[in-house]
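A closer look at the structure
Below are the chains, spelled out letter by letter.
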Amino acid sequence: MTNLSIKTVMAALLAGSLAATAGMPAFARADGGSVDPAKFQQGIEKRVDKALNGTDATQDQKKQIVGILQAAFADMKPLHAQRTENRAAMRAALEAPTIDPAKIEQIRADQMKIADASSKRFTKALTDAGNVLNANQRQAFFKTWSDHTHGPKKG
């Protein structure tokens, strides 16, 4: 296996990981710690409130959207664990004394399946949330939801 193909595999894994986690924070932190599930759920509530601030969305609509998104993130938690396991397997396969291209391809394919499942679940949740709102509310919600930045502010 050449260096170029290893770089291609790593780029594909990175792209898959980014696609799988787009728009959602993980339950586990990068330092190996975990996020308190109650705080995570409260964070979703705050983000929905912020995204619908200034709209005529009712409390019932907000509650429905929070429920939809909380369920989606709960459904996606096992996928996050699978992505973590796959990254470790890929690293081990690439660090092995002998490179096994078939094994690396299988890990990559598995990672893409997980990314696809995550993407489908999150897209369904956003579609379901959008269907709770009227057109003006939906536009305001998704504009604000999309503007969300993760992590501490720089500068």
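Residues numbered from 1 in each chain as written. Predicted model: local features only at pLDDT ≥ 70, side-chain atom pairs only at ≥ 80, totals over all residues. Heavy atoms only, no water.

Okay, the overall build of the protein next. When helices and strands are tallied, the protein shows five helices and zero strands. Counting from the amino terminus, helix and strand elements in the protein follow one another as α-α-α-α-α. The 155 residues of the protein split such that 30% are buried. Of the contacts made within the protein by residues no fewer than 6 positions apart, 75% connect residues no fewer than 24 positions apart. (Helix = DSSP H or I, 4+ residues; strand = E, 2+ residues; numbered from the N terminus. Buried < 20%, exposed > 50% of the residue type's maximum accessible area, 1.4 Å probe, protein only. Contact = heavy atoms within 4.5 Å.)

As a further point, take the nonpolar core. Judged by nonpolar contacts, the single largest core of 22 residues is most densely connected at Val48, Leu52, Ile65, Leu69, Phe141 and Trp145. At the level of elements, α2 (37–52), α3 (59–95), α4 (101–132) and α5 (135–146) are the ones that each hand at least two residues to this core. Considering every element that reaches this core, the biggest residue donor is α3, with seven residues. Excluding its chain neighbours within four sequence positions, the residues that come into contact with Leu52 are Ala57, Lys62, Ile65, Leu133, Gln137 and Phe141. By size, the runner-up hydrophobic cluster in this structure holds five residues, among which are Met90, Ala93, Ile104 and Ile107. (Core = buried A, V, L, I, M, F, W, Y, C linked by side-chain atoms within 4.5 Å.)

Attention now moves to the pattern of salt bridges. The tally for this structure, following the rule as stated, stands at five salt bridges. Residue Lys124 is joined to Asp128 by a salt bridge in which the shortest nitrogen-to-oxygen separation is 2.7 Å. Within this pair, Lys124 and its partner Asp128 are both found in helix α4, separated by four residues, close to a single helical turn. The class for Lys124 is partly exposed, based on a relative accessible area of 47%. On the basis of relative accessibility, which here comes to 26%, the residue Asp128 falls in the partly exposed class. (Salt bridge = Lys/Arg side-chain N within 4 Å of Asp/Glu carboxyl O.)

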